[in-house]
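# Notes for the structure review
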Amino acid sequence: MSSWLEICRLCVEDVRGVLAQLPTRAEREPVLRRGEGGDDTTAIDQAAEDAIIARLAQARSDFVLVSEEVGERTFGVGGPMRLVVDPIDGSVNAKRGIPFFALSIAVADGLTMGDVHYAYVYDFGSGEEWTAERGLGAFLDGNRLGAQAPKERVEILSFEGTTTAAISDRLGPMLALAGRVRVMGSLALSLCHLAAGRVDGVVSLKPARSVDIAAAQLLVRECGLAIELFEDPPFEAALLDLGTRSRIAAAGSQRVVEQLAAALRAN
């Protein structure tokens, strides 16, 4: 067990404690302020991030934290290591009590997406633990992923970063590409499901931030699948910050990614 895996699992327990302390929508959804990532910071977002920051402070390591609410914070002397954290990916689900939201943590030895070398995503609904190490593969609950690939003909496509209007605008161009659409509410988990072959494509209908994808993208890439920030390539050069640069398309092959990207550009 790597030290990062140990720390990530402790963070999971910390967030579990927060969920127990804020058990209902009434406690979870009050808006406290605008987060550094640009979205409203709800009580559940803030409490989960506070718990994780407190845990990371105990690690006594040198790194820069990039997190949705606090923005960037230096631990120790900082240095080249970056931790990219989304304490609650799928916070709308979390505050409404829908069991599909995750803790997402990526560890990088540089400033870009290509520098991510360790990934951890934990699904608080299913209890599934998704991990990846650069060059060593991707895993679900310790079992190697990759044997079950997404279908080349997209049977199930996950839409994320959605509003009703965004879905309406983009659904038409997808009719020829996808048999069915799922709108689950967590981009990190949808990418993990792609890595497991549960869905055949994932698209974000609004520009993605590194906190949304930094961990899960490593699972996708370690499984040999394709993922692009198609409006601001190349993917590996995307900075690990809170900027929003491009929508995302991911699938089993580059050909399908290009088809999905073209459909998103339509209209």
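See the structure shown above.
Here is a short report on the structure shown in this document. Since the structure is predicted, the reported quantities are computational estimates derived from the model, not experimental observations.

A word on helix α9 (residues 254-265). Over its 12 residues, α9 extends 16 Å from the first C-alpha to the last, a length consistent with the 16 Å expected when each residue adds 1.5 Å. Along α9, the residues that are buried comprise Val256, Val257, Leu260, Ala261, Ala263 and Leu264. Taken down its axis, α9 places every buried residue within 160° of arc, on the same side. Residues of α9 that are buried make contact with β11 (156-160), α5 (164-174), β13 (201-204), β14 (226-228) and β15 (249-251).

So, on to the pairing of β13. Side chains Gly201 and Val203 project from β13 onto one buried face, and the interleaved Val202 and Ser204 project onto a second face that is buried too. Sheet topology note: the β11/β13 ladder contains four bridges and is parallel. Its bridge partner lying in β13, Glu160 is registered against Ser204. One ladder, built from three bridges, connects β13 with β15; its direction is antiparallel. The residue of β15 that forms the bridge with Val202 is Ala250.

Moving on, we get to the sheet that holds strand β12 (residues 180-182). Reading across the sheet, the five strands line up as β12-β11-β13-β15-β14 and stay open at both edges, with mixed pairing between neighbours. For this open sheet the edge positions go to β12 and β14, each flanked by a neighbour on one side alone. Between one strand and the next, the sheet's axes are offset by a mean angle of 15°, whatever the strand orientation. Across the sheet, α5 lies against β11, β12 and β13, angled at about 155° from β11, the strand it touches most. Sheet contacts for helix α6 (residues 187-195): β11, β13, β14 and β15; angle to β13, the most-contacted strand, approximately 160°.

Before going further, it helps to spend a moment on the pattern of salt bridges. Under the criterion given, the structure shown has 14 salt bridges. Two residues, Lys151 and Glu155, come together in a salt bridge whose shortest N-O distance is 2.5 Å. Overall, Lys151 belongs to the partly exposed group, its relative accessible area being 46%. Judged by relative accessible area, which is 34%, Glu155 ranks as partly exposed.

Taking 1.5 Å per residue, 19 residues should reach 27 Å; helix α1 (residues 3-21) reaches 27 Å between its end C-alpha atoms and fits that length. Residues Trp4, Leu5, Ile7, Cys8, Cys11, Val12, Asp14, Val15, Val18 and Leu19 constitute the buried set of α1. Buried residues in α1 make contact with α2 (25-28), α3 (43-57), β5 (82-89), β6 (102-108), β7 (116-123) and β8 (129-133).

Now for the packing of α1 against α3. It is the contact of α1 with α3, at a shortest axis distance of 9 Å, that shows an interaxial angle of 145°. The two elements α1 and α3 meet at a crossing, and its hand is right-handed. When α1 is examined against α3, the residues Ile7, Leu10, Cys11, Asp14, Val15, Val18 and Leu19 are found in contact with a partner set consisting of Ile44, Ala47, Ala48, Ala51, Ile52, Arg55 and Leu56.

Rules and cut-offs
Residues numbered from 1 in each chain as written. Predicted model: local features only at pLDDT ≥ 70, side-chain atom pairs only at ≥ 80, totals over all residues. Heavy atoms only, no water. Helix = DSSP H or I, 4+ residues; strand = E, 2+ residues; numbered from the N terminus. Expected span 1.5 Å × (residues − 1). Buried < 20%, exposed > 50% of the residue type's maximum accessible area, 1.4 Å probe, protein only. Arc of directions from axis to C-beta. Contact = heavy atoms within 4.5 Å. Pairing = 2+ DSSP bridges. Axes fitted to C-alpha atoms, helices over the stretch in contact; angles between N-to-C directions. Salt bridge = Lys/Arg side-chain N within 4 Å of Asp/Glu carboxyl O. Left-handed = near helix turned anticlockwise from the far one by under 90°.

None of the figures reported here should be taken as evidence of function without further support.
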